[in-house]
Every structure is written in C-alpha cells, then in structure tokens.
Amino acid sequence: MLKIDISSLPLLYEKIASLYPLVLPIKKANEVNYDKYSNGAEVSLFTLKTNKSPKDMFFPQTEDLMKFKVDGQKIEIIDTRKEAQPFVVMGVKACDYKAFEVLDRVFLVDPIDTYYKTKREAGIIITLACDRPEESCFCKAFNIDASSPLGDITTWKVGDKLFWKANTQKGKDLTEKIKDLFTEGDEKTVEKAKQEITETISKLPFSNIDVNALSKDEMLDTFKSDKWSKLSEACLGCGTCTFVCPTCQCFDIREFNANDKIMRFRCWDSCMYKDFTKTAGGQPRPTQMQRFRQRFMHKLVYYPENNDGLYSCVGCGRCVKKCPSHLNIVKVIKAFGGEKK
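No experiment lies behind these values; they were computed from the predicted model shown. (Residues numbered from 1 in each chain as written. Predicted model: local features only at pLDDT ≥ 70, side-chain atom pairs only at ≥ 80, totals over all residues. Heavy atoms only, no water.)

Asks: Any chance you could explain the packing of aromatic side chains here in plain terms?
Replies: Two numbers describe a pair of aromatic rings. These are the distance of the centres and the angle of the planes. Scanning all chains against the criterion turns up 17 aromatic pairs. Judged by centre distance (6.1 Å) and plane angle (50 degrees), the ring pair of Phe138 and Phe142 falls under tilted. Here Phe138 matches Phe142 in class, with each residue buried. Relative to Trp268, the ring of Phe243 lies with its centre 5.7 Å away and its plane at 65 degrees, an arrangement referred to as edge-to-face. Note that Phe243 is positioned in helix H8 (residues 240-244) and Trp268 in strand E12 (residues 261-268), a separation of 25 residues in sequence. Neither Phe243 nor Trp268 differs from the other in exposure class; each is buried. Here the aromatic residues Phe59, Phe107, Tyr116, Phe243, Phe251 and Trp268 are joined through ring pairs into a cluster of three or more. Between Lys227 and the ring centre of Phe336, over which it is positioned, the NZ or CZ distance is 5.0 Å. One cation-aromatic arrangement involves Arg293 over Phe223; the distance from NZ or CZ to the ring centre is 3.7 Å. (Phe/Tyr/Trp six-rings, centres within 6.5 Å; stacked < 30°, edge-to-face > 60°. Buried < 20%, exposed > 50% of the residue type's maximum accessible area, 1.4 Å probe, protein only. Helix = DSSP H or I, 4+ residues; strand = E, 2+ residues; numbered from the N terminus. Lys NZ or Arg CZ within 6 Å of the ring centre and 35° of its normal.)

Asks: Is there a simple way to explain the sheet that holds strand E4 (residues 62-71) in this structure?
Replies: Strand pairing in a sheet relies on backbone hydrogen bonds. The paired strands run either parallel or antiparallel. Spatially, the 4 strands line up as an open sheet ordered E5-E4-E12-E11, and their pairing is antiparallel. The two strands at the open ends of the sheet, each matched to only one other strand, are strand E5 (74-79) and strand E11 (251-258). In this sheet, neighbouring strand axes are inclined to one another by 25 degrees on average, regardless of whether the strands run parallel or antiparallel. Across 8 bridges, the pairing between E11 and E12 is antiparallel. When the sheet's bridge partners are listed, Asp252 is paired in E12 with Cys267. The sheet strands contacting helix H3 (residues 114-122) are E4 and E12, and the helix crosses E4 at an angle near 135 degrees. (Pairing = 2+ DSSP bridges. Axes fitted to C-alpha atoms, helices over the stretch in contact; angles between N-to-C directions. Contact = heavy atoms within 4.5 Å.)

Asks: Is there a simple way to explain the packing of helix H1 (residues 9-19) against helix H4 (residues 169-178) in this structure?
Replies: For any two helices packed against each other, the geometry comes down to the angle between their axes and how far apart the axes lie. Orientation of H1 relative to H4, taken along the N-to-C sense of each, is 115 degrees, at an axis distance of 10 Å. Judged by the twist between their axes, the crossing of H1 over H4 is right-handed. Side by side, H1 and H4 meet where Leu12, Lys15, Ile16 and Leu19 of the first sit next to Leu174, Lys177 and Ile178 of the second. Here the residues of the contact of H1 with H4 sort into 5 nonpolar, no polar and 2 charged. (Left-handed = near helix turned anticlockwise from the far one by under 90°. Nonpolar A, V, L, I, M, F, W, Y, C, P; charged D, E, K, R; others polar.)

Asks: How should the pairing of strand E1 (residues 2-5) be read in this particular structure?
Replies: On any regular strand, side chains alternate: one points to one face of the sheet, the next to the other face. Of the two faces of E1, the one holding Leu2 and Ile4 is buried and the one holding Lys3 and Asp5 is not buried anywhere. The pairing of E1 with strand E9 (residues 161-166) spans 4 bridges and is classified as antiparallel. The residue bridging Ile4 from the neighbouring strand is Leu162, located in E9. Here 2 bridges tie E1 to strand E10 (residues 183-184), and the two strands are oriented antiparallel to one another. Bridge pairing in E10 links Lys3 to Thr183.

Asks: Explain the pairing of strand E7 (residues 123-128) to me, please; I cannot follow it from the model alone.
Replies: With 6 of 6 residues buried, E7 is to be regarded as a mostly interior element. Of the two faces of E7, the one lined by Gly123, Ile125 and Thr127 and the one lined by Ile124, Ile126 and Leu128 are each fully buried. The sheet contact formed by strand E6 (residues 87-92) and E7 spans 5 bridges and is parallel. Within E7, the residue paired with Val92 across the bridge is Thr127. For E7 and strand E8 (residues 153-158), the ladder comprises 3 bridges, and the chain directions are parallel. Each residue of the ladder has a partner; that of Thr127, found in E8, is Thr154.

Asks: Explanation requested: the pattern of salt bridges in the structure shown.
Replies: Side-chain pairing between opposite charges can occur once the charged atoms of the two side chains come close. According to the stated counting rule, one finds 20 salt bridges in the structure shown. When the shortest N-O distance is used, the salt bridge between Glu134 and Lys321 registers 3.2 Å. Taken as a pair, Glu134 in the loop between E7 and E8 and Lys321 in helix H10 (residues 318-322) lie far apart in primary sequence, 187 residues in all. Classification of Glu134 by relative accessible area gives partly exposed; the value is 27%. (Salt bridge = Lys/Arg side-chain N within 4 Å of Asp/Glu carboxyl O.)

See below:
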C-alpha cells in the first residue's frame, strides 16, 4: 500500500502522462468528462459522476471502421484500425468499472469486436473509491462495493492523501515506474475509510432497492403488466438515459462519401428512438411504451437471464439525475415491488 499527498497529484499526472496517454475527469465548460490530460487541464479527479462514463474510452461515441476506395467497378477496402498503444484511465468508480464486465460480455464473445478488444487490452484502469456517494447512487443493489473497486490499480482518498494499491501485473508495472512519488501507506487507515463509505451507502435513499423484484420466473407477467403504460407516459424518447449509461452498447453503422473514398463508421444509438432497428418491414416496437419497456426488461430481466445473473445496470444513478422527465430505472424497480420495507 502506497500513498501520495493530494497536493502532489499534479506531479503524478505529469509523470504518468510522460509514460502513457493519460485520461482523467477534466472540467470543460462547467461539465466534467473523461478526456486526455494535458498540462494546464482542469482536472476534477474527485467528481463523483462524470456526465458520460469512461466507456467512451473503449467504445467511443463515434468510431471509424473502414474506408472504401471506388475506382469504376474496382473497390479497395482500407483497414483504418491501428494497433492500440498502452494508455491510462484514472478515477474510474466501482460502478463504471463493473460496467466493463457487461460490455465485455457483448464485445469479447464470438464474433469478437476487435475495435473494442484492442482498447481493452491496451488500457490500464486506475479506480477510485467513492468517498462521498450521492443520493442518486444505488450500486449496492447490484452487490457492487463502492469502497473497494477493482481495476489494475485501486485508489482511496482519505483526508489529504491518496492511497494506492496495484492489483494486476499491468498495475504493478505502472506503479514501479512512478513509485518514487509515493511513500508507504497504512492499510488500517484505508480499512477505516472503507467502513465509513459502506456505512454512508447503507443510509442512502435507494439503499433498500431490490432488483430481484423483476424475476425471470415471472417474465411474461412482467412483460404484459399494465404498469408499463403509466411508467412510460411521460417518456420523451430523447435517449438521454442511454447516452449517459455506462452499460448501453447499441450502435448504428453508417457511411458517407469523403471525396474519393467512402467512410464507414459506427455511432451510439438508442433503443428509445422510434427509428431504432427499423427495417423494411417497419418498426418492431412502434410505441414509446414498447420501447421504454424493452429498455428496462433488457437491463433487469433479459440480460441477467442470459449472463449468469449479471444485470445490465450498475446503479451509477446517471439516469436518475439526467432524465428530463424524471423517469429512471429506480422508479421501474419500485413499481414492481422492488423496495425492501
């Protein structure tokens, strides 16, 4: 266990950035998101919730897939992929780290998404325990321990110190290169901080949420429930919930003409949009209620049923904060009896 003064973090950022590209929560235009660090950047490492999750570093909002060069009837396919170089993402919370497990089960099974795989293999993830969870947090419902996030390296903010523990070989290799910035830390101090975090989480408003209320054994009854109409009636179909969600993985593939080349790229899409998965036969879910139901049935019923009980929600609470109509997954869970007395 190592530690460093909070006041010395700029030195740590500079040291890491001299070795690898470094991605941190950075404040721009009064918003905090993960972005590449550069000298002078306004780092906001201890912001609890960035607007978007670090998912963007591995599954970007837009990503080039390939190019086509057309010359008469001759078509040349140009592979735009590049071998990913090691990079560091620092400040990842336990919920956002858990989200990578959800994404891995989508992109790292046959057929493997090589665009995602190369970034996952190259990324070195430094997690940060939540010293001040918010009222909108409910990671506890998914058995996520916000006081002990996993990752290549785990860090804890305790007072004016940042404690540091390497967990994997990638984490140990990075630590070895920068260890001169650290001093020895006391594990007992961290254990006490972890207990305090756990106690705080147990007192949050959503600490009594029970996700098992939407049981796979009653899947058809849940699907046919008349509760969906009431729950979804204020939904605007704006897609905000999907774009801030760390586990959503839906995307669209499009092409455009770039002078003498055709560029194919993918971009995030949303199951809340009326043209999502639209085919020549029409829209399989023509009403907003059906699209709303699909989103939450997938996260709470379909996905865990097909992935060994792993839910496609990590309780980060971004949808709780961001939905303009105050609709979110917590209201859905409660509507189906998922609130412990």
